[in-house]
Amino acid sequence: MLTELAEEIAEAAPRSWKRAELHGYAVGQGGTGHRGFWFEPKELNEYGTNDIDVHGGMTAVHTLMEAAEHLTIDLELESRGRYRAVLSERLDRADDRGFRYLVDKESEPPEPLAAPSDAAEAGDPVEAVALFNEYRRRLEDLLGPSSDELPPPLPATSVPLPRDLSALYAVVDGDGGRGMLHGFGWFGLETLEHFADQDERWWVTRGWQRYVDSYSFAKDFGPPGAVRRLADHPAWIPFATDTFGNYLAVDMAPGPNGRPGQVILIGRSYYRGPVYVADSVTELLRRHVDALVSGRVERDDDEGLWINAGDVSQYERQYDENCTLELTGRDAAPVSGLTAELRELSVHNAPWVDLRPVSAAPALQKFSVRNVAGVDLSPLLATPVEVLDLGTDTIDLSGLRGHPTVSQVILRSEKPIDLLPLASCPSLYALDLTDAPSAELSSLGQLAGLRYLRMQRLQWKEFLAHQTIPPRLAVAELAEEPLEERKHYWSFANAYKPRRPTLDDALEWAGQLTRNATGIVTITGRFTRR
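Residues numbered from 1 in each chain as written. Predicted model: local features only at pLDDT ≥ 70, side-chain atom pairs only at ≥ 80, totals over all residues. Heavy atoms only, no water.

A tally of helices and strands in the protein chain yields ten helices and 24 strands. For the protein chain, the C-alpha atoms occupy an extent of roughly 80 × 65 × 40 Å along the three principal directions. Looking at the protein chain as shown, the accessible area adds up to about 25500 Å², and 48% of this sits on carbon and sulfur atoms. Charge-centre separation for the protein chain: the mean point of 54 positive side chains lies 7 Å from the mean point of 81 negative side chains. (Helix = DSSP H or I, 4+ residues; strand = E, 2+ residues; numbered from the N terminus. Areas by Shrake-Rupley, 256 points an atom, 1.4 Å probe, with all protein chains shown as cover. Lys, Arg positive; Asp, Glu negative; His and termini not counted. Charge placed at Lys NZ, Arg CZ, Asp CG, Glu CD.)

Spatial strand order, E7-E8-E9-E10-E11: five strands in an open sheet with antiparallel pairing. What marks the edges here is a single partner per strand, and that holds for strand E7 (185-186) and strand E11 (275-278). With three bridges connecting them, strand E10 (residues 262-267) and E11 associate as antiparallel partners. Looking at E11, one finds that Leu 265 is bridged to Val 275. This element, helix H5 (residues 189-196), spans strand E8 (236-241) and strand E9 (246-251) of the sheet and lies at about 135 degrees to E8. (Pairing = 2+ DSSP bridges. Contact = heavy atoms within 4.5 Å. Axes fitted to C-alpha atoms, helices over the stretch in contact; angles between N-to-C directions.)

Here we take up the sheet that holds strand E5 (residues 91-93). Pairing in this open sheet of ten strands is mixed, and the strands run E5-E6-E23-E22-E20-E18-E17-E16-E15-E14 from one edge to the other. At either end of the open sheet lies a strand with only one pairing partner, and these are E5 and strand E14 (324-328). Ignoring which end each strand starts from, the neighbouring axes of this sheet average 10 degrees apart. The pairing of strand E6 (residues 99-102) with strand E23 (residues 475-478) spans four bridges and is antiparallel. In the sheet register, Phe 99 faces E23, and the bridge partner there is Leu 478. Strands strand E20 (430-435), strand E22 (452-455) and E23 of the sheet are contacted by helix H9 (residues 457-466), whose axis makes an angle of about 120 degrees with E22. Here helix H10 (residues 503-514) sits on the sheet in contact with E5, E6 and E23, set at roughly 30 degrees to E6.

Take a look at the structure:
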């Protein structure tokens, strides 16, 4: 299979090629993709050089390898007829031209600490049914009687629902796709039971991917503490859809300041985190009735009706304005403008930073600082901050000692950094030292809860020469290195050495990481040019 794949690439390669690389993957059930081809001489890498169909070949390799899910397929070819293939379900290329090794593919980040809500449901079953009946009556007054009856009720479901939604299902089995709730079609019970199964929630990113990229920090769009900041929860029950992959759901496991049965938005467009909508389905219906009573309706050219019952995504749209703050210069000494709704604070280009007023931001979740000499981090102990991105001349972590919620830390400094205080942070699971080349690595082994670690090649080499990886490590990343200038070069195009890490660097690193139990298969062979 690999020989045939190499022959297909060689046949379609641009004229005068000397070397080629394919960075591809196959995921089973016919799914494949790649990050493009690379040819040497590099002048050949122009528009059209990626138009080589390798789908069938990579699918066949996935089947041959009996891979469970994602299979990385790195293929290197020489025009003289030699190839090397590196196949793995654990080693993959990261988004920064580095590499990623999956120690535990099933691992997911721990849930943020949150006290359970002790509040009662806000919805009222009697009022909800009365509002729904009034809603239907007022719609008929506007549109005229409908010949299509709403679906009749079905027997009660075993899925735990708030009392108001259960009462509504005792009257009708959804709205038959009419889109009566903010344009979202209200499910019948069979569809609700289908999506109550977490395995059917196709839009949710699971497993190791939640440690990387935009998935690593879930936000909550709404009143502070109302919704738990998760990718998904079994007690989030979708009950209506906009047909574009987004869902209204009742939240039966709210945050400490939320109420069971509150309505949230989840789905394809809300990968950054859930969005709070209303405290109950009852309130949702109340808004629609109030809109009809107030005449907040519009008709379109097709005689359809739009009911202005409020912006269902208002908390997400207002997040940057209400929940983030960026300070520079004198505004950082002391920090000012803090509010109870603030989630993200960024400070940069300041001669001095005083964080003592930060207790005025009791919902703070993320703090980042850039281009300052240093900062006393101890005032952050009075906040529930979780994510720290620290880019200062000197970094002193002693002020974080024992912080209960700090979970993700990125460090950026050329000077030595003592990492030992992080060992006393019980929630810490992610650490990025890529831009902290002089960080003292001797304490890394004491970060027992660490699940994600990102460093450069020389840092990994130093660390692994003296210590084993933390026992719960799930994802290790070998970061891209800065370009290294050649001592002597005859043109600007040749001023820098080849980028690192290379694939050979990654293979060596994976061997050190796992004591050669890498799960990586390397195959070499020859192919015939057609």
